[in-house]
Amino acid sequence: MKRRYFLKTAGAAGLSIPFINSCAGFSATGTENSINTTIPVSINTWNFQEAGSTAGKLLNEGKSALDAVQQGVMVEEANLENTTVGNGGTPDREGDVTLDACVMAPDGNCGSVAYLKNIEHPVAVARKVMEETPHVMLVGEGAYNFAIQQGFTSKNLLTENAEKEWEKWLKEKDYKPIINIENHDTIGMLAIDREGDIAGACTTSGLAYKMQGRVGDSPIIGSGLFLDNEVGGAVATGMGEEIIKNVSSFLVVELMRQGKNPQEACEIAIKRIVKNNSNYTDFQVALLAITKQGEVGSYCIHPGFTYVINMNGENKSIESGSYL
Ligand code: ASP
């Protein structure tokens, strides 16, 4: 089992984020592999640097963690180059771009949308669900109609490039829609603001060429995202079906509540998925967590999962330890 921890991209000035480059065996009781950060801080999945900078800037201006995570992930929802989140996302098998997103606030309130079409910023709609409705989750047409009522505009989210790729995919008759580790890139973000409060957001276009109607873990509270303002938070990316089956973000937060540090918690939760799947080498799942004190940990099945920490006005990109 390889464990790799190293800074991938450093900002201009060196940050004093301690990191470990260790080949030592994992100790379930050790705390040596968590990363200590200072508050305010944001963390986000994958190499979404601009999302991290946007959230960090807002946190340093004194904005709330909830505003920071929403604005942070919205950068990727609007990014046409990113084919896994928001506008420009890869469509389902029928050629429809359908989006899933959620937000969670420090008071435990949350909002979510799933199978939402033609709205560029599902995370903003999720926040409206949280703030303007008695519900937690709206899906499909209901979510779309609600978004329009709230003043969002309808927009075609299928870019020319994504359409071309989908057409190519349609022609590949022998294509098996198994999930490979390349097409995962959901953005999940957690932030702790100056007040010490934690909030989170998660947004995705889901798996490439998924079946029509498929919803992944990202909008499911407890699966793609969970937090507790007394403990900390966790976000997930990768094969949503396995994350849902194991309620992974909730599990990580509950493990931290019981005293595990975020690194240990993520490792235990990933090993639970591995234990429950003989075919775990066929898919990727990555978990990222932070405690209320700013301690960060992450773990994944396949090597290659990176995440961004923003603090003191700078991003650090870090490669997660992995089971394989
Ligand atoms: N977790 C997402 C889903 O299953 C995929 C991803 O992380 O890209 O929809």
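Keep in mind that this is a model prediction, so the values were computed, not measured. (Residues numbered from 1 in each chain as written. Predicted model: local features only at pLDDT ≥ 70, side-chain atom pairs only at ≥ 80, totals over all residues. Heavy atoms only, no water.)

(A) A look at the site of the ligand. In the vicinity of the ligand lie 12 residues, with Thr 186, Arg 214, Asp 217, Thr 237 and Gly 238 positioned nearest. The contact in question runs from an oxygen atom of the ligand to an N or O atom on the side chain of Thr 186, over 2.7 Å. In this structure, Asp 217 approaches the ligand through a side-chain N or O atom, which is 2.6 Å from a nitrogen atom. With the chains in place, 100% of the 270 Å² that the ligand exposes on its own is no longer accessible. Grouping the constituent residues of the shell around the ligand by class yields one nonpolar, eight polar and three charged. (Near = heavy atom within 4 Å. Polar contact = N/O pair within 3.5 Å; in protein donor to acceptor, adjacent residues only side chain to side chain. Areas by Shrake-Rupley, 256 points an atom, 1.4 Å probe, with all protein chains shown as cover. Nonpolar A, V, L, I, M, F, W, Y, C, P; charged D, E, K, R; others polar.)

(B) View of the pattern of salt bridges. By the definition in use, this model includes 12 salt bridges. The shortest N-O distance in the salt bridge between Lys 245 and Glu 242 comes to 2.9 Å. You can see Lys 245 and its partner Glu 242 sitting in helix H6 (residues 240–246), three residues apart, about one turn around the helix. A relative accessible area of 5% places Glu 242 in the buried class. Between Arg 257 and Glu 254 there is a salt bridge, and its shortest N-O distance comes to 2.8 Å. Taken together, the positions of Arg 257 and Glu 254, both in helix H7 (residues 248–257) and three residues apart, correspond to about one turn of that helix. What you see here is one network of salt bridges that share partners, running through Lys 57, Glu 61 and Lys 63. (Salt bridge = Lys/Arg side-chain N within 4 Å of Asp/Glu carboxyl O. Helix = DSSP H or I, 4+ residues; strand = E, 2+ residues; numbered from the N terminus. Buried < 20%, exposed > 50% of the residue type's maximum accessible area, 1.4 Å probe, protein only.)

(C) Region of the structure containing helix H5 (residues 160–171). Here H5 spans 17 Å end to end across 12 residues, near enough to the 16 Å set by a 1.5 Å rise per residue. Of all the residues in H5, the buried ones are Ala 162, Trp 166 and Trp 169. Along the axis of H5, the buried residues cluster in a sector spanning 55°; they form a single face. For H5, the exposed residues lying more than 90 degrees away from the buried face are Glu 160, Lys 164 and Lys 171. (Expected span 1.5 Å × (residues − 1). Arc of directions from axis to C-beta.)

Scope: geometric values only; no functional claims are made or implied.
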